[in-house]
Amino acid sequence: MERPGQPRRGGRGCLLDLPWEDILVPHILCHLPLQQLLSLQRVSKSFQSLIQLYLANMRCFDSSQIGPAIPRAAFVNLLKDNEVLQQLALQNCSDWLTDRELLPVIGQNHHLHQIQLKGCAQLSRHALVAISLSCPNLRRLSLAHCEWVDSLSLRSLADHCKALEAVDLTACRQLKDEAICYLAQKCSRLKSLSLAVNANVGDMAVEEIAKCCPELEHLDLTGCLRVKNDSIRVLAEYCPKLRSLKVKHCHNVAESSLSILRSRGVELDVEPPLQRALVLLQDVVGFAPFINLQI
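About the criteria used
- Residues numbered from 1 in each chain as written.
- Predicted model: local features only at pLDDT ≥ 70, side-chain atom pairs only at ≥ 80, totals over all residues.
- Heavy atoms only, no water.
- Helix = DSSP H or I, 4+ residues; strand = E, 2+ residues; numbered from the N terminus.
- Buried < 20%, exposed > 50% of the residue type's maximum accessible area, 1.4 Å probe, protein only.
- Phe/Tyr/Trp six-rings, centres within 6.5 Å; stacked < 30°, edge-to-face > 60°.
- Lys NZ or Arg CZ within 6 Å of the ring centre and 35° of its normal.
- Axes fitted to C-alpha atoms, helices over the stretch in contact; angles between N-to-C directions.
- Parallel < 35°, antiparallel > 145°, perpendicular 65-115°, else oblique.
- Contact = heavy atoms within 4.5 Å.
- Nonpolar A, V, L, I, M, F, W, Y, C, P; charged D, E, K, R; others polar.

1. Some remarks on unusual backbone geometry
- At Val 197, a position not held by glycine, the phi torsion is positive, near 60°.
- With respect to the helices, strands and loops of the structure, Val 197 is situated in the loop between strand 6 (192-194) and helix 9 (203-212).
- For His 249, which is not glycine, the phi torsion reads 70° and is therefore positive.
- For His 249, the location among the structural elements is in the loop between strand 8 (244-246) and helix 11 (255-263).
- Overall, His 249 belongs to the partly exposed group, its relative accessible area being 48%.

2. Looking at the packing of aromatic side chains
- In total, this model carries two aromatic pairs according to the counting rule given.
- Three or more aromatic residues joined by ring pairs form one cluster here, namely Phe 61, Phe 75 and Trp 96.
- Cation over ring: Arg 155 sits above Tyr 182, and NZ or CZ is 3.7 Å from the ring centre.

3. Focus: the packing of helix 7 (residues 151-160) against helix 8 (residues 177-186)
- At a closest axis distance of 9 Å, the pairing of helix 7 and helix 8 adopts a crossing angle of 5°. It follows from the interaxial angle that helix 7 and helix 8 lie roughly parallel. Contacts between helix 7 and helix 8 involve Ser 151, Leu 154, Arg 155, Ala 158 and Asp 159 from the former and Ala 179, Ile 180, Tyr 182, Leu 183 and Lys 186 from the latter.
- Of the residues that constitute the contact of helix 7 with helix 8, the class distribution is six nonpolar, one polar and three charged.

The analysis is restricted to geometry; functional conclusions fall outside its scope.
Set out below in structure tokens:
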């Protein structure tokens, strides 16, 4: 049997003649869509072996590259031999993904620095604890709409993943101010944080984030009904690098606090009061009257 990467005697060279581990896997196959690579396995046994080698050495796995939905058995088979993943995106597995499928993958991949679990509602707090213990270099984590996230599992994450730069906790409604404060205290490198759609989040959490995370650039507080003007002013004082702030549906946040950030060029998702009035007037009368906003 011919070895991979050895030219075939008496015949023209082909793709499989190139060195697999030195050329094909790191420099060629990595540029092809995963779905096409999986189709190549049906060409021959040699191609099947090549793709299995690639799967065991790929650094990034995004389930959306395979299609709108990936079967459970296919997921398990694809990642069973991989121990070098750096990025893992599983939002397309949200309908069926449980701890049983995820924990083995997390347990054997200690180099992960980005994990996307948006909408994976069938996981449990044990998944987040496993991530915190196995991925000390984690930098980006999305847990949006994962209502199983609780304060104890978030504390574990904060204790073990202090290099975190971006965390999405949208609609993680079990979390309260105390848990968010602990995260901010332990993960001072945070640049992006979403606490949207959580009525438990209030001024205490926002002020602690402001004081502990000076590198913060993006903060999403959409629908955080307990957030008020005082914490927005603290945010403006302590976060000079802030680039965007979302406070839509935060009914206790007024222009008096937002104007400080607006004057610095921070992107806000709510218009100034006069601008909002003009939009409403245009909706009523069908046109917007000219008003010199520079006066």
